[in-house]
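# An overview of the molecular structure
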Amino acid sequence: MLNIIFNYLIFPGFLFSVCIGLIAGWFDRKVTARLQWRKGPPWYQNFADILKLLGKETILPSSAKLTFLLAPCLGLASLVLVATILGRNIISPSQGFSGDLVVVLYLLVIPAISLILGASASRNPLASVGASREMKLILAYELPFILSIIAIIIKSGGAIQFGTILNHQALFGSNIFSWSGLIAFLVSVLCIQAKLGFVPFDVSEAEQEIMGGVLIEYSGLPLAIFKLIKAMLLYTLPVLLIILFLGQNLTMLSVIGKFIALLIVIILIKNTSPRLRIDQSLRFFWRIPTLLAILAVILGYFGL
Amino acid sequence: MDFKLSALTKSIWVFHVSAGSCNNCDIEILDLLTPRHDVERFGIQLVGSVRHADALLITGAMNKKAVVRMKKIYEQAPKPCVVVAVGQCALSRHLFRYSYNVEEPLDKILPVDLYIPGCPPKPEAMIDGIVKLVNKLKSKK
Ligand code: SF4
């Protein structure tokens, strides 16, 4: 019991993933700054941001106070669970339970849903625009994302457990080195971009047109929690990709190397593309990535 | 308490309000974010929503219509929040001081913490101003 609490709150769970996530967030800002020939913030910048937000006043809307406050907590709690499951699986792949992949897929949608809930509870018209965009975005990216994961499941012989998928990769090489794995990997990198809310798929938070969109009414503590959610997503999603696609060699150093490489890919995509409108992103996701993911499933079925 | 203050001075999120400026001050503010001046080094960021703001940068001559909105925006900002008046217009109404629709300067309307003179002020002057403000906050504790 104590072990579970420790896992959830400290080591691969809350504290650890938040720290890694915030440092990854700094890495993102620093690389972005260097790409634009700027110097960029110091390494503790994101920690300072969170600390500062904790000291600020929290303004509540006159209606739906409880939903407004509980929505970010819901997202955070589910993400901590994801981080714990993924972390435990990397440390000891045999300890997972059957179906943990499915559980993680469900839990990864909850942060987006918490954003929608919170934005709708704030009753701000711009927030509701953001919420509706976020909703459409979920519909858009979830289909190719799940299809590409199905390709991996088929490749590893119908396993819906991280341990089995990792074992399969340990025996037959990482999934990314097969055709279906490579295609599925490309598709899921795009979907992750949308899940993180990064450019080109950041319509729900577009600072310049809808002023922070879903987050517009949040201040103080709940805003800090949403920032933590973003930071943890930046940790959990690349780790999920590492487990699913690059799971052959899971020593400490190689995991860190793969994590940084994935981060750099994500940041480069973020910095080299313009924002897509919501209808463009929907059309994009339902055409090319979905077709590619279906192709990956078919190739995986034939064992390629 | 001290802890929070040092975090606040290291991460100032700025909301930019134009109360009838000629747009020159606003352009100079945007210059702060460019590679030459890059205030993100100090953790200063421009934010889109006033709910996230730690500092209001106000430019312009405060015409009658803007004053009402200005008060609303100040009330919406989460405290502690500092008000920075940028440019001669915001300081003293500048060449609009005899105008029929500009009645009061900014510091009669809101509690101003920092004045940055100039028409428009140079980005260096703004950075200097922010440094002074941070030092003032730190010594006040
Ligand atoms: S101070 Fe000068 S530059 Fe700034 S808004 Fe006024 S007239 Fe324009």
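### Overview of the environment of Ile27(B)
- In this structure, Ile27(B) sits in helix α2 (residues 24–31).
- A relative accessible area of 44% means that Ile27(B) is categorised as partly exposed.

### Here's the deal with a nonpolar patch on the surface
Residue and element names in this part refer to chain A.
- A surface patch of nonpolar side chains, amounting to about 1000 Å² of accessible area, comprises Trp179, Leu182, Leu186, Leu291, Ile294, Ile298, Tyr301, Phe302 and Leu304.
- Counting residues per element, the ones that place at least two in the nonpolar patch are α8 (179–196) and α12 (278–301).
- Sorting elements by how many residues they give to the nonpolar patch places α12 first, with four residues.
- Positionally, Leu182 belongs in helix α8.
- For Leu182, a relative accessible area of 33% corresponds to the partly exposed category.

### Topic: the pattern of salt bridges
- In total, this model carries 13 salt bridges over all chains according to the counting rule given.
- Three or more residues are tied together by salt bridges with common partners; here these are Arg29(A), Arg38(A), Asp49(A), Asp38(B) and Glu40(B).

### Focus on the packing of aromatic side chains
- Tallied over the entire structure, the rule returns nine aromatic pairs over all chains.
- Here Trp43(A) and Phe47(A) contribute two aromatic rings whose centre-to-centre distance is 6.3 Å and whose plane-to-plane angle is 70°, an arrangement assigned as edge-to-face.
- For Trp43(A), a relative accessible area of 52% corresponds to the exposed category.
- What makes Phe47(A) partly exposed here is its relative accessible area of 23%.
- Between Tyr218(A) and Phe226(A), the aromatic rings sit 4.9 Å apart at their centres with planes inclined by 75°, giving edge-to-face as the arrangement. Note on accessibility: Tyr218(A) and Phe226(A) belong to one class, buried.
- Among the aromatic residues, those joined into a ring-pair cluster are Phe16(A), Tyr235(A) and Phe259(A).
- Stacked on the ring of Trp13(B), the Lys or Arg Lys52(A) has its end atom at 3.7 Å from the ring centre.

### Points about the interface of chain B and chain A
- The interface of chain B with chain A comprises 29 residues on the first partner and 28 residues on the second.
- There are six salt bridges connecting chain B and chain A.
- Linking Asp54(B) and Lys52(A) is a salt bridge whose minimum nitrogen-to-oxygen distance equals 2.6 Å.
- Taken together, the connections running from chain B to chain A amount to 17 residue pairs in polar contact (both at pLDDT 80 or more).
- Within the residue set of the side of chain B that touches chain A, elements represented by two or more residues are α1 (2–10) and β2 (45–46) of chain B.
- For the side of chain B that touches chain A, the element with the highest residue contribution is α1(B), accounting for five residues.

### Overview of the site of the ligand
Residue and element names in this part refer to chain B.
- Residues in close proximity to the ligand include Ser21, Cys22, Asn24, Cys25, Gly87, Gln88, Cys89, His94, Gly118, Cys119 and Pro120, which together make up its full environment.
- For the shell around the ligand, the elements supplying multiple residues, two or more each, are α2 and α4 (88–92).
- Among the residues making up the shell around the ligand, the classes are represented as five nonpolar, six polar and no charged.

About the criteria used
- Residues numbered from 1 in each chain as written.
- Chains lettered and ligands numbered in written order.
- Predicted model: local features only at pLDDT ≥ 70, side-chain atom pairs only at ≥ 80, totals over all residues.
- Heavy atoms only, no water.
- Helix = DSSP H or I, 4+ residues; strand = E, 2+ residues; numbered from the N terminus.
- Buried < 20%, exposed > 50% of the residue type's maximum accessible area, 1.4 Å probe, protein only.
- Patch = residues over 30% accessible without salt bridge, like charges linked within 9 Å, V, L, I, M, F, W, Y side chains within 5 Å.
- Areas by Shrake-Rupley, 256 points an atom, 1.4 Å probe, with all protein chains shown as cover.
- Salt bridge = Lys/Arg side-chain N within 4 Å of Asp/Glu carboxyl O.
- Phe/Tyr/Trp six-rings, centres within 6.5 Å; stacked < 30°, edge-to-face > 60°.
- Lys NZ or Arg CZ within 6 Å of the ring centre and 35° of its normal.
- Contact = heavy atoms within 4.5 Å.
- Polar contact = N/O pair within 3.5 Å; in protein donor to acceptor, adjacent residues only side chain to side chain.
- Near = heavy atom within 4 Å.
- Nonpolar A, V, L, I, M, F, W, Y, C, P; charged D, E, K, R; others polar.

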